[in-house]
Amino acid sequence: MCSYRRVTNFYVQCGHGVPKPDEEIKCGAKNCIFSPNHPPTCQGRACKEKCFQHHQFPQQYSPHKEGKCPTCA
Ligand SMILES: [Zn+2]
Ligand SMILES: [Zn+2]
Ligand SMILES: [Zn+2]
């Protein structure tokens, strides 16, 4: 099911981490309400019973960047 990716760019030269806005990662499953493939006709109680109603725990992602962060550059 869908989740958020929490991206923090890590700048090697100054050692600062700069958080970016969360990215939503879509899963494409039919039984997840956030998925683009979830049928619009699936609603109400039936949907609550068989479909995922929440995002998965966010993934942490910290790509290392060469150089300094925008504040130090
Ligand atoms: Zn999903
Ligand atoms: Zn549903
Ligand atoms: Zn810095």
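Residues numbered from 1 in each chain as written. Chains lettered and ligands numbered in written order. Predicted model: local features only at pLDDT ≥ 70, side-chain atom pairs only at ≥ 80, totals over all residues. Heavy atoms only, no water.

Draft legend 1. Main features of the packing of aromatic side chains. If you walk through the whole model with that rule in mind, you get 0 aromatic pairs. Across from the ring centre of Tyr61, 4.4 Å away, lies the NZ or CZ of Arg5, which sits over that ring. (Phe/Tyr/Trp six-rings, centres within 6.5 Å; stacked < 30°, edge-to-face > 60°. Lys NZ or Arg CZ within 6 Å of the ring centre and 35° of its normal.)

Draft legend 2. Representation of the coordination of the zinc ion (ligand 1) within the structure. In this structure, Cys2 (N), Cys2 (SG), Cys27 (SG) and Cys32 (SG) serve as the protein donors to the zinc ion (ligand 1), at separations of 2.2 to 2.4 Å. Geometry at the zinc ion (ligand 1) is irregular, judged from the 4 donor atoms that bind it and their angles of 81 to 127 degrees at the metal. Mapping the donors of the zinc ion (ligand 1) onto the primary sequence gives the spacing C-x24-C-x4-C. Of this pair, Cys2 sits in the segment before β1 (3–11) while Cys32 sits in the loop between β3 (23–25) and α1 (44–50), and the two are 30 residues apart along the sequence. The residues Cys2 and Cys32 share a single accessibility class, namely buried. (Donors = N, O, S within 2.8 Å, 3.2 Å for Na, K, Ca; no water. Tetrahedral: all angles 85-135°; square planar, octahedral: opposite > 155°, others 65-115°. Helix = DSSP H or I, 4+ residues; strand = E, 2+ residues; numbered from the N terminus. Buried < 20%, exposed > 50% of the residue type's maximum accessible area, 1.4 Å probe, protein only.)

Draft legend 3. Structural detail: the pairing of β1. The pairing of β1 with β3 spans 3 bridges and is classified as antiparallel. Across the sheet, residue Ser3 finds its bridge partner in β3, namely Ile25. Strand direction decides the pairing type here: β1 and strand β4 (residues 56–61), joined by 4 bridges, are parallel. Across the sheet, residue Ser3 finds its bridge partner in β4, namely Gln56. (Pairing = 2+ DSSP bridges.)

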